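Observations on the model geometry
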Amino acid sequence: MKPASLLFLLIAIGGPAAAQDRPTLTSTRDVAVTYRVAAEGAPPGEMRMSWLAARRLMRMDMPGGQGFIVLDMGAGTAFMAMAAQRMILDMPASQIAARMAPRAEARFTREGPARIADTNCVNWRVEDDGQAARICLTADGVMLRSETLSRSATGPVPGLLEATQVSFGPQEASRFQRPSGYQNLQLPPPAQIGAGGMPRGTAIPPPGLNMPGR
């Protein structure tokens, strides 16, 4: 998967939903979560995500030490640091803002409680634009599980992301900063990347899911 496609998957995380019948989609507490990931046609893997709640920052460490991605939910900006190339890929705020929040038409259905990685969560079914997913969220907005239920013709292949370890506690702010000595790049316009992905406002799909333009 190209870096641009992976970043578009991350943008699907969305922000806190305004409607009362929708869950909080971003963590309100500092936390680090390790996930197992699986997608059709891709080998299983592991990834780690961290949240710096007070500053509304999220970091995802890509599998295999490829680098990391940081989303600033407040500013509507994001960057990907690619370790091997020593490059930083920036995402313009205007492109992120258009996808940060769930669409008004998206349907959230509360399904019931669950327990994953020794942590309580609630399952929600999310339907949007011909696609459906099930996500399990804690009361703090931490996503513990995400799975594809159905997809549109341009949607991702079926995939699963599930927490194996959850550690609440202060996160080191320096881990969310841009690394020095990296060359800056600019993300191409959306028309050159393609659309698709999980329903907007759902939790992050597993790495390896296909998207147009990959």
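See the structure above.
The sections below set out a description of the structure shown in this document. (Residues numbered from 1 in each chain as written. Predicted model: local features only at pLDDT ≥ 70, side-chain atom pairs only at ≥ 80, totals over all residues. Heavy atoms only, no water.)

1. Focus: the pairing of strand E5 (residues 77-82)
Two faces belong to every sheet, and in a regular strand the side chains alternate between them. Of all six residues that make up E5, five are buried, and the element is covered over most of its length. Where strand E4 (residues 67-72) meets E5, six bridges bridge the pair, whose relative direction is antiparallel. Each bridged residue has a counterpart across the sheet, and for Gly 67 the counterpart in E5 is Met 82. Where E4 folds back on E5, the antiparallel hairpin that results is connected by four residues, among which Gly 76 adopts a positive phi of roughly 70°. Taken together, the five bridges between E5 and strand E6 (residues 87-91) define a ladder with antiparallel strand orientation. Bridging from a neighbouring strand, Phe 79 pairs with Asp 90 of E6. The hairpin formed by E5 and E6 contains four residues between the paired strands, and Arg 86 there has a positive phi angle of roughly 50°. (Buried < 20%, exposed > 50% of the residue type's maximum accessible area, 1.4 Å probe, protein only. Helix = DSSP H or I, 4+ residues; strand = E, 2+ residues; numbered from the N terminus. Pairing = 2+ DSSP bridges.)

2. Comments concerning the environment of Ala 75
Summarising the element assignment, Ala 75 is placed in the loop between E4 and E5. On the accessibility criterion, Ala 75 (46% relative accessible area) is partly exposed. On a C-alpha basis, the gap between Ala 75 and Arg 55 in space is 9.8 Å, while along the polypeptide they are 20 residues apart.

3. Some thoughts on unusual backbone geometry
You will see that Arg 56, though not glycine, has its phi angle at about 55°, which is positive. Here Arg 56 lies in the loop between strand E2 (42-52) and strand E3 (57-61). One non-glycine residue, Asp 118, adopts positive backbone phi at about 60°. With respect to the helices and strands, Asp 118 occurs in the loop between strand E7 (107-116) and strand E8 (119-128). Given a relative accessible area of 68%, Asp 118 falls into the exposed group.

4. Some details on the nonpolar core
Among soluble globular proteins, nonpolar side chains are generally buried collectively. Residues Val 33 and Tyr 35 are the most contacted members of the largest nonpolar core, which totals 35 residues. Ignoring any residue separated from it by four or fewer positions in sequence, one finds Val 33 in contact with Met 47, Arg 48, Met 49, Trp 51, Val 142, Ala 163, Gln 165 and Val 166. Core analysis: the next-biggest nonpolar cluster, separate from the first, contains six residues, Val 70, Ala 81, Ile 88 and Tyr 182 among them. (Core = buried A, V, L, I, M, F, W, Y, C linked by side-chain atoms within 4.5 Å. Contact = heavy atoms within 4.5 Å.)

5. A few points about the side chain of Asp 90
Mapped onto the elements, Asp 90 comes out in strand E6. Of note is the side chain of Asp 90, whose polar atom sits 2.8 Å from the side chain of Arg 178. (Polar contact = N/O pair within 3.5 Å; in protein donor to acceptor, adjacent residues only side chain to side chain.)

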